[in-house]
Number of protein chains: 2
Amino acid sequence: MSEVCAAVIVAAGAGVRMRGGDKLFSVVAGRPLLAHTVAAFESCQEIDRVVLVISEKNLGRGKSLMNEENFKKVVNVCTGGPRRQDSVNCGLAALGPCDLVAVHDGGRPLVRPGMISRGLEAARKTGAAVPVVPLSDTIKEIDETGAITRTLDRSRLVAVQTPQVFRYDLLLRAHDEVAGDVTDDAAMVEALGHSVATFEGSNRNVKITTAEDLMLAEAYLH
Amino acid sequence: MSEVCAAVIVAAGAGVRMRGGDKLFSVVAGRPLLAHTVAAFESCQEIDRVVLVISEKNLGRGKSLMNEENFKKVVNVCTGGPRRQDSVNCGLAALGPCDLVAVHDGGRPLVRPGMISRGLEAARKTGAAVPVVPLSDTIKEIDETGAITRTLDRSRLVAVQTPQVFRYDLLLRAHDEVAGDVTDDAAMVEALGHSVATFEGSNRNVKITTAEDLMLAEAYLH
């Protein structure tokens, strides 16, 4: 039986900076940002099916967009939960069993099919792999007054993006067993004690949260 | 006697990604990036004088540019040293004594006069202040194989930009007494045991290192 690869695209964010996910419907280069995101997975040959997780408020709008775009691989558009990890969990349930699953932020429309393929390849070998880029700014730790407490050694630090790719059974187990708040899926798999590998991300693959990011997306997609 | 505020703009970088600082002469919106950077300090009312530190190779080009742009506040264009901190030290020497000094990356042309003023105000109170922005990506630590060893608690972490502003005497002492390699001036002042405050940076104020960053600068400056 051949390997089945799928994707969960999480666009349920209620982030203040994302105005409850509305920014995902901003039209850039003639197409809503969210359509650009899904299109990258639709175009990735190895991906068999896609689930889109969206906020209750945007469910109708999200479904309409998937229909208008006529995406063949989108098998389900479902609502998420209060935290990002709850939304991913909803997506995994809606997706059903497969071999590898890529979890991607709906707000990263600049991902390219090639990066998705690289992630699948890395996760095929290791079970869990995330795209990373070097940090360009110095990172410091601050206290509650805003004063600096420490400068971190940047040489060992990376910024983590999505798509994060996992063996489906491993990610499902992580979501079952890890209850605490996490910032990404890799952190859950790390909490299980399973090693998480890294693969090359891209500076282009930004998460669109601010007006500045939206300008960058405009510049890239036009 | 009134307070004297000055700036050292460091453009001596031999960074591979900056092609030895040549990218600073890329023309964006009709003006080399480095001219945009210096113009922000020229336009900042509180700034009295500016020193530009540049690589040996680009010295003639840098001097010509400052003349063409007719910047009134640029009192010196000098060459730097092997490390960024050596270049800042050359700049401090060329600048001579003053009350407050802002150290800025030549490769951050999107800084605005208002941010420089905010920095001067913060450093006037505390002696040392740096602009920071929240991190948008999750930060993880990796080992030499590229496997993830730890996810950092992002809530206490910030990305540090420039201009970093200091009392001149404090920064000079830091450069005299701290010999190790550092990533920024604040780290030297931290090493002296002096507290470093933070002020609000801007997502717009990116360091131009990659082709992506150059596109962003184009988008902003046009």
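What counts, and at which threshold
- Along each chain, the written sequence defines residue order, and numbers are assigned to residues from 1.
- Starting at A for chains and at 1 for ligands, labels are handed out in the order in which the entities are written.
- Local features in a predicted model are, by the rule used here, given only for residues with pLDDT of at least 70; side-chain atom pairs are given and counted only at 80 or more, and totals for whole chains, interfaces and linings are based on all residues.
- Values shown for side chains rest on all heavy atoms present in the structure; no hydrogens or waters enter the calculation.
- Only DSSP runs of H or I with at least four residues qualify as helices, and only runs of E with at least two residues qualify as strands; both kinds are numbered from the N terminus onward.
- Computation of the radius of gyration draws on C-alpha atoms, with the globule rule given as 2.2 Å multiplied by the number of residues to the power 0.38.
- Each residue gets one of three labels from its accessible area relative to the maximum for its type: buried under 20%, exposed over 50%, partly exposed in between, using a 1.4 Å probe on protein chains only.
- Only the protein chains shown count as covering a residue, and every accessible area follows the Shrake-Rupley method with a 1.4 Å probe.
- Positive charges come from Lys and Arg, negative ones from Asp and Glu, while His and the chain ends are left out of the count.
- For charged residues, the charge sits on one atom: NZ in Lys, CZ in Arg, CG in Asp, CD in Glu.
- Whether two aromatic rings pair depends on their centres lying within 6.5 Å, for rings of Phe, Tyr and Trp, where Trp uses its six-membered ring; planes under 30 degrees apart make the pair stacked, over 60 edge-to-face, and the rest tilted.
- Should the NZ of a Lys or the CZ of an Arg lie within 6 Å of a ring centre and within 35 degrees of the ring normal, that charge is described as sitting over the ring.
- The salt bridge definition used is simple: a Lys or Arg side-chain nitrogen within 4 Å of an Asp or Glu carboxyl oxygen.
- At least two bridges found by DSSP between two strands is the condition for calling them paired.
- Contacts were defined at the residue level, with two residues in contact if any of their heavy atoms lie within 4.5 Å.
- Defined in terms of a 1.4 Å probe, buried area is the accessible area two parts forfeit on being brought together, summed over both.
- Just so you know the grouping, Ala, Val, Leu, Ile, Met, Phe, Trp, Tyr, Cys and Pro go in nonpolar, Asp, Glu, Lys and Arg go in charged, and all remaining residues, Gly too, go in polar.
- Fitting of the copies onto one another was done by least squares over C-alpha atoms, counting residues only where both copies have pLDDT of at least 70.
- Orientation is described by axes fitted as lines to C-alpha atoms, over the contacting stretch for helices, and by angles from 0 to 180 degrees between their N-to-C directions.
- Just so you know how the angles are binned, under 35 degrees is roughly parallel, over 145 roughly antiparallel, 65 to 115 roughly perpendicular, and the rest oblique.
- Here a crossing is called left-handed whenever its near helix is offset anticlockwise from the far helix by less than a right angle, and right-handed whenever the offset is clockwise.
- Take the residue count of a helix, subtract one, and multiply by 1.5 Å to get its expected span.
- Criterion for a disulfide: a pair of cysteine sulfur atoms at a distance within 2.5 Å.

Before going further, it helps to examine the overall build of chain A. Along chain A, the regular secondary structure elements total 7 helices and 12 strands. In terms of C-alpha radius of gyration, chain A reaches 17 Å, essentially the compact-globule figure of 17 Å for 222 residues. Overall size of chain A, expressed as C-alpha extent along the three principal axes, is 50 × 40 × 30 Å. Across the 222 residues of chain A, 58% fall into the buried class. Of the roughly 9,100 Å² that chain A leaves accessible, carbon and sulfur atoms contribute 49%. With 25 positive and 28 negative side-chain charges, chain A shows a separation of 3 Å between the mean positions of the two kinds.

Let's shift gears to unusual backbone geometry. A cis geometry characterises the amide bond from T162 of chain A onward to P163 of chain A, with omega recorded as 15°. Considering the arrangement of structural elements, one finds P163 of chain A in the loop between β10 (157-160) and β11 (164-167). Despite not being glycine, A29 of chain B shows a phi value in the positive range, around 55°. Secondary-structure assignment places A29 of chain B in the loop between β2 (27-28) and β3 (31-32).

Throughout the structure, instances matching the rule amount to 0 aromatic pairs over all chains. Sitting above the plane of the F25 of chain A ring, R61 of chain A keeps its charged end 4.2 Å from the centroid.

Going through the model one piece at a time under the given rule, you end up with 32 salt bridges over all chains. The salt bridge partner of K125 of chain A is E121 of chain A, with a shortest N-O separation of 3.9 Å. With a gap of 4 residues between them, K125 of chain A and E121 of chain A both fall in helix α4 (residues 113-126), about one helical turn apart. The class for K125 of chain A is exposed, based on a relative accessible area of 69%. For E144 of chain B, the salt bridge is made with R156 of chain A, and the minimal N-O distance between the two is 3.7 Å. Residue E144 of chain B is found in the loop between β8 (138-142) and β9 (148-151), and its partner R156 of chain A is found in the loop between β9 (148-151) and β10; the two belong to separate chains. On the accessibility criterion, E144 of chain B (66% relative accessible area) is exposed. By relative accessible area, which is 39% here, R156 of chain A ends up partly exposed.

Here we take up the pairing of β9 of chain A. Bridge count between strand β8 (residues 138-142) of chain A and β9 of chain A: 3 bridges; the pairing is antiparallel. Its bridge partner being in β9 of chain A, K140 of chain A is matched across the sheet by T151 of chain A.

If you look at the interface, chain B gives 41 residues, while chain A gives 41 residues. Per-residue buried area on chain B facing chain A is highest for K140, I148 and R156 of chain B; these three make up 16% of the total on that side. Across the salt bridge formed by D184 of chain B and K140 of chain A, the nearest N and O atoms sit 3.0 Å from each other. Residues of the side of chain B that touches chain A, tallied by class, amount to 19 nonpolar, 9 polar and 13 charged. Relative to strand β10 (residues 157-160) of chain B, β8 of chain A runs antiparallel, the two sharing 4 bridges. Within β10 of chain B, the residue paired with T138 of chain A across the bridge is V160 of chain B.

Let us look at the relation of the copies chain B and chain A. When chain B is fitted to chain A, the best match, at an RMSD of 0.0 Å, comes from turning it 180° and sliding it 0.1 Å along the axis. Such values leave the two copies arranged in the relation of a two-fold axis. Residue L216 of chain B of chain B places its C-alpha closer to the rotation axis than any other residue of that unit, at 2.8 Å.

Quick look at the environment of V53 of chain B now. Residues and elements named next belong to chain B. Structurally, the position occupied by V53 is in strand β4 (residues 47-54). C-alpha of V53 to C-alpha of L92: the two residues are 39 residues apart in sequence and 9.7 Å apart in space. Excluding residues that lie within four positions of it along the chain, V53 makes contacts with V8, I9, V10, A11, A12, C78, T79, G80, S87 and G91.

Residues and elements named next belong to chain B. Close contact between helix α3 (residues 84-95) and helix α5 (residues 168-177) brings their axes to 11 Å; oriented N to C, the two are set at 135°. The angle between the axes of α3 and α5 places the two elements in the oblique class. Judged by the twist between their axes, the crossing of α3 over α5 is left-handed. Residues Q85, V88, N89, L92 and L95 of α3 pack against Y168, L171, L172 and H175 of α5.

Below, the discussion takes up helix α3 (residues 84-95) of chain A. All names here are of chain A. Between the first and last C-alpha of α3 there are 16 Å, a value that for 12 residues agrees with the 16 Å anticipated at 1.5 Å per step. If you check which residues of α3 are buried, you get Q85, D86, S87, V88, G91, L92 and L95. Elements that come into contact with the buried residues of α3 comprise β1 (5-11), β4 (49-54), β5 (74-79), β6 (100-105), α5 (168-177) and α6 (185-191). G96, located one to two residues past α3, shows a positive phi value of around 75°.

Moving on: the state of the cysteines. Residue and element names in this part refer to chain B. Counting across every chain of the model gives 0 disulfides over all chains. Looking at the unpaired C44, the closest cysteine sulfur is the one in C5, lying at 8.1 Å. Residue classification places C44 among the buried positions, given a relative accessible area of 1%. Of the cysteine sulfurs around C90, a residue in no disulfide, the closest is that of C78, at 6.0 Å.

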